[in-house]
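Analysis of the macromolecular model
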Amino acid sequence: MELEVKDMTCGHCASVVTKAVKDVDAQAKVEIDITARTVRIESACEASEFISAIRIEGYSPSVRA
Ligand SMILES: [Cu+2]
């Protein structure tokens, strides 16, 4: 799945978002593109779980159409 996180702007944001994803699923594969503001996640968990976790950290994720 691919999420868009428009307010993810630097390496710090990327590490916070990565940690949020890993807290949902420690086995998840996470790839972040700060320039494109996208988070690609390989996981059996639902997108909504990652969206909630990232939102709690103060970011505004959405599912990339
Ligand atoms: Cu940042």
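In this text the structure is predicted, and so the values were computed from the model without any measurement.

Thresholds applied
Residues numbered from 1 in each chain as written. Predicted model: local features only at pLDDT ≥ 70, side-chain atom pairs only at ≥ 80, totals over all residues. Heavy atoms only, no water. Donors = N, O, S within 2.8 Å, 3.2 Å for Na, K, Ca; no water. Buried < 20%, exposed > 50% of the residue type's maximum accessible area, 1.4 Å probe, protein only. Helix = DSSP H or I, 4+ residues; strand = E, 2+ residues; numbered from the N terminus. UniProt positions renumbered as here; feature names shortened; annotations may be inferred. Salt bridge = Lys/Arg side-chain N within 4 Å of Asp/Glu carboxyl O.

Further remarks concern the coordination of the copper ion. Protein coordination at the copper ion comes from C10 (SG) and C13 (SG), with a distance range of 2.1 Å. We classify C10 as partly exposed; its relative accessible area is 33%. Residue class for C13 comes out buried when judged on its relative accessible area of 6%.

Time to look at unusual backbone geometry. The backbone of R37 shows a phi angle near 60°, a positive value even though the residue is not glycine. Residue placement: R37 occurs in the loop between β2 (29–33) and β3 (38–42). For R37, a relative accessible area of 31% puts it in the partly exposed group.

We now examine the UniProt feature "domain: HMA" (unreviewed entry) in the chain. Taking the numbering used here, the UniProt-annotated feature "domain: HMA" (unreviewed entry) corresponds to residues 1–62. Helix makes up 39% of residues 1–62 and strand 26%, and the two end C-alpha atoms of the span are 11 Å apart.

Here we come to the pattern of salt bridges. Tallying each qualifying case throughout the model produces four salt bridges. The partner of E2 in a salt bridge is R40, with the nearest N and O atoms 2.9 Å apart. Of this pair, E2 sits in strand β1 (residues 2–5) while R40 sits in strand β3, and the two are 38 residues apart along the sequence. Judged by relative accessible area, E2 falls into the partly exposed class, the value being 24%. Between K19 and D23 there is a salt bridge, with the nearest N and O atoms lying 3.0 Å from each other. Of this pair, K19 and D23 both sit in helix α1 (residues 11–24), four residues apart, roughly one helical turn. Look at K19 and you get exposed, because its relative accessible area is 51%. Through salt bridges with shared partners, one network takes in E2, E4, R40 and R64.

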